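# Coordinate analysis (summary)
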Amino acid sequence: MRAVVQRVTRADCVVADSAGKGHTTGEIGLGLLVLLGVGPTDTEAVARALAAKLVKLRIFSDDAGRMNRSLADVGGAVLSVSQFTLYADTRRGNRPGFTEAAAPELARTLYADFNAALRHLGTEVQEGVFGADMKISLTNDGPVTLMLDTEEGG
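Let me begin by describing the structure that accompanies this report. On a predicted model such as this, the values are computed, not experimentally measured, just so you know. (Residues numbered from 1 in each chain as written. Predicted model: local features only at pLDDT ≥ 70, side-chain atom pairs only at ≥ 80, totals over all residues. Heavy atoms only, no water.)

## As for the environment of threonine 43
You can see threonine 43 is positioned in the loop between strand 3 (31-37) and helix 1 (44-56). C-alpha of threonine 43 to C-alpha of phenylalanine 130: the two residues are 87 residues apart in sequence and 18 Å apart in space. (Helix = DSSP H or I, 4+ residues; strand = E, 2+ residues; numbered from the N terminus.)

And the structure:
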């Protein structure tokens, strides 16, 4: 799994319905926007481990201004958005290929498992809509943006 994690003061996800009218599917204040990509060899155990890592990451400022507090410490929430484009292969040509991303059925299941694991750990989770065209807005705090890749051990 690959996750782009952004520390935010606010974030939301809007999806257009069939009539073209947008509706908000997820909205958070202080917390993390997580763009999550799933690979073909990922498992439920990987999803649970990534969720546990995310909740414990000390990337929020303490009273001295140092990144020393976790999502759980600050009572933050997660806006989780599935994003297969994190597995884009751009090594050849100008058009990205997505053969390294998981098949949609597997990705949908593991995205749900990841979100369930976060909730099990006591985290409020808001979500995008799997496979939808989404508009994400956020206020990146810091800015702090990290890339986590379970294939690279972190």
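Let us keep going from here.
## Considering the side chain of serine 70
Locating serine 70 in the fold gives a position in the loop between strand 5 (67-69) and helix 2 (71-74). Residue contacts for serine 70: discarding those within four places in its chain leaves Val55, Lys56, Leu57, Arg58 and Phe60. (Contact = heavy atoms within 4.5 Å.)

## Side note on helix 3 (residues 104-120)
When the terminal C-alpha atoms of helix 3 are compared, their 24 Å separation across 17 residues agrees well with the 24 Å that a helix rising 1.5 Å per residue should span. Among the residues of helix 3, those classed as buried are Ala107, Leu110, Tyr111, Asp113, Phe114, Asn115, Ala117 and Leu118. Buried residues in helix 3 make contact with strand 3, helix 1, strand 6 (77-82) and strand 7 (124-127). One or two residues past the end of helix 3 sits glycine 122, with phi positive at roughly 90°. (Expected span 1.5 Å × (residues − 1). Buried < 20%, exposed > 50% of the residue type's maximum accessible area, 1.4 Å probe, protein only.)

Geometric values such as these leave the question of function open.
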